[in-house]
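# Reading the structure
Spelled out, the chains give:
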Amino acid sequence: ALDKEQMQGLRGIREFLKVRTSYDVLPLSFRLVVLDNDLLIRKSLNILLQNGIVSAPLWDSRSSTFAGLLTSTDYINVIQYYCQFPDEIDQVDQFRLSSLRGSGAKAVHLDIERAIGVLPLETVSVHPMRPLYEACRRMLKTRARRIPLVDVDDETGREMVVSVITQYRILKFIAVNNEKHTILLKKGLREIGLGTYTKLATASMSNSVLDVIHLMVKHNISAVPIVNAENKVLNVFEAVDVIPCIKGGAYDELSSSVGDALSKRAEDFPGIYICSEDDRLDAVFETIRKSRVHRLIVVDDDNRLRGIISLSDILKYVLLYGEEDDDIRGG
Ligand code: ADP
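Residues numbered from 1 in each chain as written. Predicted model: local features only at pLDDT ≥ 70, side-chain atom pairs only at ≥ 80, totals over all residues. Heavy atoms only, no water.

The subject of this paragraph is the packing of helix 4 (residues 72-84) against helix 11 (residues 209-219). Running from N to C, helix 4 and helix 11 point in directions that differ by 115 degrees, and their axes come no closer than 11 Å. Classified by the interaxial angle, the pair formed by helix 4 and helix 11 is roughly perpendicular. As helix 4 runs across helix 11, the sense of the crossing is left-handed. Two secondary-structure elements touch here, helix 4 through Ile-76, Ile-79, Gln-80 and Cys-83 and helix 11 through Leu-210, Ile-213, His-214, Met-216 and Val-217. Tallied by class, residues from the contact of helix 4 with helix 11 come to seven nonpolar, two polar and no charged. (Axes fitted to C-alpha atoms, helices over the stretch in contact; angles between N-to-C directions. Helix = DSSP H or I, 4+ residues; strand = E, 2+ residues; numbered from the N terminus. Parallel < 35°, antiparallel > 145°, perpendicular 65-115°, else oblique. Left-handed = near helix turned anticlockwise from the far one by under 90°. Contact = heavy atoms within 4.5 Å. Nonpolar A, V, L, I, M, F, W, Y, C, P; charged D, E, K, R; others polar.)

Written as structure tokens, this is what we have:
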């Protein structure tokens, strides 16, 4: 009976995502900070920090086109570049946002992605009036945590970035508008195997920020739990925590400890959310409904680390669990 209810809940949510559009997720009024691709990377950091945001769409004013999404991954790429070419720090200071990506014909400038040998981030976007389900599927497929909504202006035929939606916004939208389905999700987290429980990447307070960044890059993850010698969870270092660390081009500060860096967090830091393996998925949705959750850290009764549940883990389960068509599971 639990199985049946769970599937009924999941199907309800999937139906909901198919009849709503990405546009529906947007609040009635919102602010969108778009950055010019010619801006110095150093300056972009301040703008993000001043506006309390961690990402922004980029605009190429020469071609009047959307030029991708700036995220903490881009700053991590710059840091890796700095680590590989430490003598070029003066040059790093002069980098513009347009140097982040190789952009086909205009690739006369330096391309940081290529220089450090990472795969270019695909610039995926969705049309705001397409079903929300489509945006979710595309995010899972490309592993993007956020996706720009791009429309084309009828008169000029030009692209316009309407907004950006995140996995967090989508899960919040589900949690707030779909309680009648989320309350059916009564299975325990352990039972449904939600999240990652083996080979967890962790660090200690005395590790350097750079150590943690290297861990995130190596494992392709956006957060590293900070634990003590008994594996008790003290904090979590997130990819977005990198932004205040390199403010003002202070790359040498990356060798300072994680503990120091975390003490610089903004006042409105939403906090860390923990749960137990015995909790149920309906409780997770309840937490998402009430709070700004970006991941859940699974701990035992003694606060020892057991696992980590990312928003992508939740979204993947909600969209794909029990789907018969196997080939849609890739990515
Ligand atoms: P998201 O894509 O939602 O930002 P992450 O990049 O942090 O989430 O997580 C990607 C995958 O890696 C998820 O399946 C998650 O469970 C797992 N994961 C996240 N953090 C860690 C970690 N510190 N150690 C091992 N696995 C992790």
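What follows covers the pairing of strand 2 (residues 56-60). Burial within strand 2 is extensive, with four of its five residues counted as buried. The pairing of strand 1 (residues 35-36) with strand 2 spans two bridges and is classified as parallel. Residue pairing across strands places Asp-36 opposite Trp-59, the latter belonging to strand 2. Handedness of the crossover is the feature at issue here: the chain leaves strand 1, passes through helix 3 (residues 41-51), returns alongside strand 2, and the resulting connection is right-handed. (Buried < 20%, exposed > 50% of the residue type's maximum accessible area, 1.4 Å probe, protein only. Pairing = 2+ DSSP bridges. Right-handed = clockwise from strand over helix to strand, strands pointing away.)

Let us look at the domain arrangement of the protein chain. The extent of an interface is frequently quoted as the accessible surface area lost upon association of the parts. We note that the domain assignment places domain 1 (7-174) and domain 2 (187-326) within the protein chain. Averaged C-alpha coordinates put domain 1 and domain 2 at centres separated by 22 Å. The contact between domain 1 and domain 2 buries some 3300 Å² in all, and 76% of this surface belongs to carbon and sulfur atoms. Broken down residue by residue, the surface that domain 1 buries against domain 2 is led by Leu-140, Tyr-168 and Leu-171, which jointly contribute 20%. Our count for the contact surface shared by domain 1 and domain 2 stands at one salt bridge. With its nearest N and O atoms 3.1 Å apart, the salt bridge here joins Arg-14 to Glu-323. Listed by contribution, the elements that provide at least two residues to the side of domain 1 that touches domain 2 are helix 1 (2-19), helix 3, helix 4, helix 5 (89-94), helix 7 (132-142) and helix 8 (167-177). At eight residues, the largest contribution of residues to the side of domain 1 that touches domain 2 is made by helix 4. Residue classes in the side of domain 1 that touches domain 2 are distributed as 23 nonpolar, four polar and seven charged. (Domains from an automatic or database assignment. Buried area = accessible area lost by both parts, 1.4 Å probe. Salt bridge = Lys/Arg side-chain N within 4 Å of Asp/Glu carboxyl O.)

A separate point is the environment of Val-176. Within the element layout of this structure, Val-176 appears in helix 8. Taking relative accessible area as the criterion, Val-176 reaches 46% and is therefore assigned partly exposed.

All right, on to the packing of helix 14 (residues 281-290) against helix 15 (residues 311-320) then. For the pair helix 14 and helix 15, the least separation of the axes is 13 Å and the interaxial angle reads 125 degrees. As summarised for this structure, helix 14 and helix 15 are arranged oblique, according to the angle between their axes. The hand of the helix 14/helix 15 crossing is left-handed. Between helix 14 and helix 15, the contacting residues are Leu-281, Val-284, Phe-285 and Ile-288 on the first element and Ile-314, Tyr-317 and Val-318 on the second.

Turning our attention to helix 3. Those residues of helix 3 that sit buried are Ile-41, Ser-44, Leu-45 and Leu-48. Take helix 3 and look down its axis: the buried residues cluster within an arc of 105 degrees, on one side only. Trailing helix 3 by a residue or two, Gly-52 shows a phi angle of about 65 degrees, which is positive. (Arc of directions from axis to C-beta.)

Another point: the pairing of strand 10 (residues 305-310). In summary, the side chains of a regular strand alternate between the two faces of the sheet. Where strand 9 (residues 295-299) meets strand 10, five bridges bridge the pair, whose relative direction is antiparallel. The residue of strand 10 that forms the bridge with Arg-295 is Ser-310. Linking strand 9 back to strand 10 in an antiparallel pair, the connection comprises five residues, with Asn-303 at a positive phi of about 65 degrees.

Evaluation of the coordinates by the stated rule reveals zero disulfides. In this structure Cys-245 is a free cysteine whose sulfur lies 13 Å from that of Cys-83, the closest cysteine sulfur available. The exposure class of Cys-245 is buried, given its relative accessible area of 5%. (Disulfide = S-S within 2.5 Å.)

Moving on, we get to helix 8. In terms of burial, helix 8 is a largely internal element, eight of the eleven residues being buried. Buried residues of helix 8: Gln-167, Tyr-168, Ile-170, Leu-171, Lys-172, Phe-173, Ile-174 and Ala-175, and no others.

Here the focus is the environment of Glu-277. Positionally, Glu-277 belongs in the loop between strand 8 (273-275) and helix 14. Under the relative-accessibility criterion, Glu-277 is labelled buried at 11%. Counting along the chain gives 88 residues from Glu-277 to Leu-189, while the straight-line C-alpha distance between them is 5.4 Å. If we skip the residues at most four places from it in the chain, Glu-277 touches Gly-188, Leu-189, Arg-190, Tyr-197, Val-298 and Arg-306. In terms of polar contacts, Glu-277 uses its side chain to reach the side chain of Arg-306, at 2.9 Å. (Polar contact = N/O pair within 3.5 Å; in protein donor to acceptor, adjacent residues only side chain to side chain.)

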